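# Observations on the model geometry
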Amino acid sequence: MVAPDKFKRSLTAAAVARSLAEGLAGAGVDSTELPLADGGDGSVDAAVAAGFSRKACTVAGALGTPRRATMAVRGDTVIVEVADTCGLATLPGGRMRPLDASSLGFGQAIRQALRLSPRRVVLALGGSAGTDGGMGLLTAFGFRFTDRTGRILPPGGRALLDIASIDTSAAVRLPAVDLVLASDVTNPLTGPEGAAAVYGPQKGADSTEVRLLDRGLHHMVEALARNGFPGAPRLAATPGAGSAGGLGFAAMLLGARMTSGAEFFLDLLDFDRHCAQADLVVTGEGSFDAQSEHGKLPAAVARRAKPVPVIAVAGRSEVPRTRWGRTGFAEVYALTDYTDRDTARDPALTAELLVRIGREIGHSRLLESAGVR
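Now for a look at the structure at hand. This one's a predicted model, so the numbers in the text were calculated from it and none came from an experiment. (Residues numbered from 1 in each chain as written. Predicted model: local features only at pLDDT ≥ 70, side-chain atom pairs only at ≥ 80, totals over all residues. Heavy atoms only, no water.)

## Remarks on the sheet that holds strand β2 (residues 66-74)
To keep it simple, the criterion reads: Think of it this way: DSSP has to see at least two bridges between two strands before they count as a pair. The helix count covers DSSP runs of H or I at least four residues long, the strand count covers runs of E at least two residues long, and both are numbered beginning at the N terminus. To obtain each axis, a line is fitted to C-alpha atoms, and for helices this fit is confined to the stretch in contact; angles are then taken between N-to-C directions over 0 to 180 degrees. Contacts: residue pairs with any heavy atoms within 4.5 Å of one another.
Reading across the sheet, the 6 strands line up as β1-β2-β3-β4-β7-β8 and stay open at both edges, with mixed pairing between neighbours. Single-partner strands in this sheet number two, and they are β1 (53-60) and β8 (257-259). Sheet twist, expressed as the mean angle between neighbouring strand axes with direction ignored, is 30°. With 5 bridges joining them, strand β4 (residues 120-124) and strand β7 (residues 178-182) adopt parallel strand pairing. Within the sheet, the bridge partner assigned to Ala 124 lies in β7 and is Ala 182. Packing against the sheet, helix α4 (residues 104-114) makes contact with β1, β2, β3 (77-81) and β4, and its axis sits at approximately 135° to β1. Packing of helix α10 (residues 261-268) onto the sheet brings it into contact with β2, β3, β4, β7 and β8, and relative to β4 it is tilted by some 130°.

## Points about the nonpolar core
Using the following cut-off: Take the buried residues of types Ala, Val, Leu, Ile, Met, Phe, Trp, Tyr and Cys, join any two whose side-chain atoms come within 4.5 Å, and each joined set is a nonpolar core. Summary of the burial criterion: residues with accessible area below 20% of their type's maximum are buried, those above 50% are exposed, and those between are partly exposed, where the area comes from a 1.4 Å probe applied to protein chains only.
In terms of nonpolar packing, the biggest core is built from 56 residues, with Val 80, Phe 106, Leu 138, Phe 145, Ile 163 and Phe 249 touching the most fellow members. Counting residues in each nonpolar core, the second largest holds 38 residues, with Ala 72, Val 122, Ala 182 and Ala 278 among its members.

## A short note on the sheet that holds strand β9 (residues 281-288)
Spatial ordering of the open sheet is given by β9-β10-β11, a layout of 3 strands whose pairing is parallel. Edge strands, defined here as strands with exactly one partner in the open sheet, are β9 and β11 (331-334). Sheet twist, expressed as the mean angle between neighbouring strand axes with direction ignored, is 25°. Of the pairings in the sheet, the one linking β9 to strand β10 (residues 310-317) comprises 7 bridges and is parallel in character. Opposite Gly 284, over in β10, you have Val 313 as the bridge partner. Across the sheet, helix α14 (residues 347-362) touches β9, β10 and β11, and the angle it forms with β10 is around 150°.

Structure representation (structure tokens):
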């Protein structure tokens, strides 16, 4: 079974699986493809590949420009993704705007998902462009943030310190629905391990902007506590509150529950049933690093697949061979062992190398020992 995550900025999980499967076929090995996700960007695509249907919606991108996004729908479950609604990929020209990007579009997508009368809405939180503490999401649900003059504030990290009052008189009442936060981020909202400090630089924030954003998030929590949400400080300290620039915090404020993105999507995509029919599992992601050893999707795959052997394929690997077994991998292949070029920005080269690696796996002794030959 070929069950990878995406290779960020290069190939979708489906494209990675297809390339590896092509290589395996070239070596005379049959395989099934199960593209995976962990709640990050690519979650909707992975769900569609597993049998969900796409449903279009129009939302505000990270800077407010209208865009067409998609949700994944199957039965009474809807999956909504930050990355596709207001994530980094929605920034005009790819230029990062850490103080201005907001989560408004994600909130709008959730509102549209609720119109389908689902029993469960899965919130895939990876790939966010901003650090607004979910101010945009809450705005989409009718929260009105104003400054000292009574001016309504547009959502975004820049506005957080200006919040003087929060009016929830027109807030949308959520129906009886299970809101599931699919994320493996355990950071709190604020502080040295919070959303701004840890993830702000990845979204273009310099040291001054990181401090401003963290102060703004503190201020937002205090404002919410004064305006009808006394439990806001407790939620802000909850593991996962800092996911997606603070979207975890805002979603929990609305009643969402946090769950492991990797484990949730493995269940949702019926991984165990597929794995039971496999002699070998090939998984992968763009970067195999220290985080990969602590809960990222390939490690979850290796844990769930036992006793079936698992091979990992990555764009690059920073984990020495001596630690592969600790994570559960029998072998690790890295694209950087095959080229000096930057495959992260070259999808064609990435696909070509994955086909080659798939062929090598097909001829490996490990595959023979797994009973395929």
